[in-house]
Amino acid sequence: MRLAFQSLNSRFKLPQDAVRYSDFVIVRLIFEATRDAGFWNLHWAITNREPESDNIWRQWQVVRQPLYAKPTATAECDELSALFAFLSRSLGVKGIGLLWPYSNHTVAAWEIHPAGRKAVRVVVPTTQIFLSPTDFFGTTTFDPWRQRTIPEYTRRDAQPTLQFPRALLNFFLEQAQRYGGATDSTLQRLRYQREAVFRGNLTPDRAAVNADLTSLSLTGAPPEDLAAFTDFAREMRTAEAGTRGRNWR
């Protein structure tokens, strides 16, 4: 996480006091959790809904037993971007809104205002649509300045009194603990594996093998990355065992 923070400051030539480290941790963690096939198991599909996250919260209300190889909710790019923006603001980070790099596509953007300098816009790609596997948090493939203004997302998509399923909350917290410290490249690799499982292009067992093979090929990787691949492989094997058990019954 600290290396990612240093990378952000270096890439955008930010002074040391432009972004609080605690704000960056929130933004990056929520991004990796709520993106398409991120570690909260959200899944992209065309829904033709408004750019707000209300329907995601409605889907989450009925999840009693989250599964490693199944989505917790399905939403389109603008809904995922709204969810990211809403949660980030709820946790105290300001300057995040929705960006339309194309008329038919939505991501999020974080506008940072260093003292005495021009504002900086960081693209937050909540899906990989129109992007390659090498496009991470802060990608420059989309020009955030093609949109004249990026209004801060201030809509309250979920009320403070909302009752959240305990099992799903525990799942979200556990996933954040397992994967939150891994590097961008590792989380990207796992995102593509998870997406392939959601789409039925990979079995959970094959995804587990892929994670094991990738882990073995890494040399000098940080322990957080190795732990992430190990945890993902274990989760996929748990999912595979559950599928075989249902088929047997």
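Presented here is a report on the structure given in the accompanying data block. All residue numbers refer to positions counted from 1 along the written sequence of the respective chain. The model is predicted, so local features are restricted to residues of pLDDT at least 70 and side-chain atom pairs to those at 80 or more, both for listing and for counting; the totals for chains, interfaces and linings are taken over all residues. Side-chain calculation: all heavy atoms of the structure are included, whereas hydrogens and water are not.

A few points about the environment of alanine 73
Part 1 of the argument: Note that alanine 73 resides in strand β2 (residues 73-75).
Part 2 of the argument: As for alanine 73 and valine 63, which are separated by ten residues in sequence, their C-alpha atoms are 8.8 Å apart.
Part 3 of the argument: Residues are treated as being in contact if the distance between any of their heavy atoms lies within 4.5 Å. Beyond its immediate stretch of four places on either side in the chain, alanine 73 contacts Asn41, Leu42, His43, Ile56, Gln59 and Trp60. For the purposes of this entry, the term helix denotes a DSSP run of H or I that reaches at least four residues, the term strand denotes a run of E that reaches at least two, and both are numbered from the N terminus.

Here we look at the pairing of strand β4 (residues 105-112)
Part 1 of the argument: For every residue, the accessible area obtained with a 1.4 Å probe (protein chains only) is divided by the maximum for its type, and the residue is called buried under 20%, exposed over 50%, and partly exposed between those limits. Burial within β4 is extensive, with eight of its eight residues counted as buried.
Part 2 of the argument: On β4, burial covers both faces: His105, Val107, Ala109 and Glu111 on one face and Thr106, Ala108, Trp110 and Ile112 on the other are all buried.
Part 3 of the argument: One bridge is not enough; two strands pair if DSSP finds at least two bridges between them. Where strand β3 (residues 96-102) lies against β4, five bridges are found, and the strand directions are antiparallel. Along β4, the bridge assignment pairs leucine 99 with valine 107.
Part 4 of the argument: Adjacent in sequence and paired antiparallel, β3 and β4 are bridged by two residues.
Part 5 of the argument: Of the strand pairs in this sheet, β4 and strand β5 (residues 120-124) are connected by five bridges, and their pairing is antiparallel. Within β5, the residue paired with glutamate 111 across the bridge is arginine 121.

Observations regarding the nonpolar core
Part 1 of the argument: Joining through side-chain atoms within 4.5 Å is the link that ties buried Ala, Val, Leu, Ile, Met, Phe, Trp, Tyr and Cys residues into a set, and such a set is a nonpolar core. Membership of the largest hydrophobic core comes to 62 residues, with the highest contact counts inside it found for Trp60, Trp110 and Phe137.
Part 2 of the argument: Here this core gets seven residues from one element, more than from any other, and that element is helix α4 (residues 77-90).
Part 3 of the argument: Apart from residues lying up to four places away in sequence, tryptophan 60 is in contact with Trp40, Leu42, Thr72, Ala73, Leu83, Phe164, Pro165, Leu168 and Phe172.
Part 4 of the argument: Formed by seven residues, the second largest nonpolar core is a distinct cluster that contains Leu99, Val107, Val123 and Phe142.

Some remarks on helix α2 (residues 21-34)
Part 1 of the argument: To estimate the expected span of a helix, subtract one from its residue number and multiply by 1.5 Å. Here α2 is 14 residues long and its end C-alpha atoms lie 20 Å apart, about the 20 Å a rise of 1.5 Å per residue gives.
Part 2 of the argument: Along α2, ten of the 14 residues are buried, which leaves the element largely enclosed by surrounding structure.
Part 3 of the argument: Here α2 has its buried residues at Asp23, Phe24, Ile26, Val27, Arg28, Ile30, Phe31, Glu32, Ala33 and Thr34.

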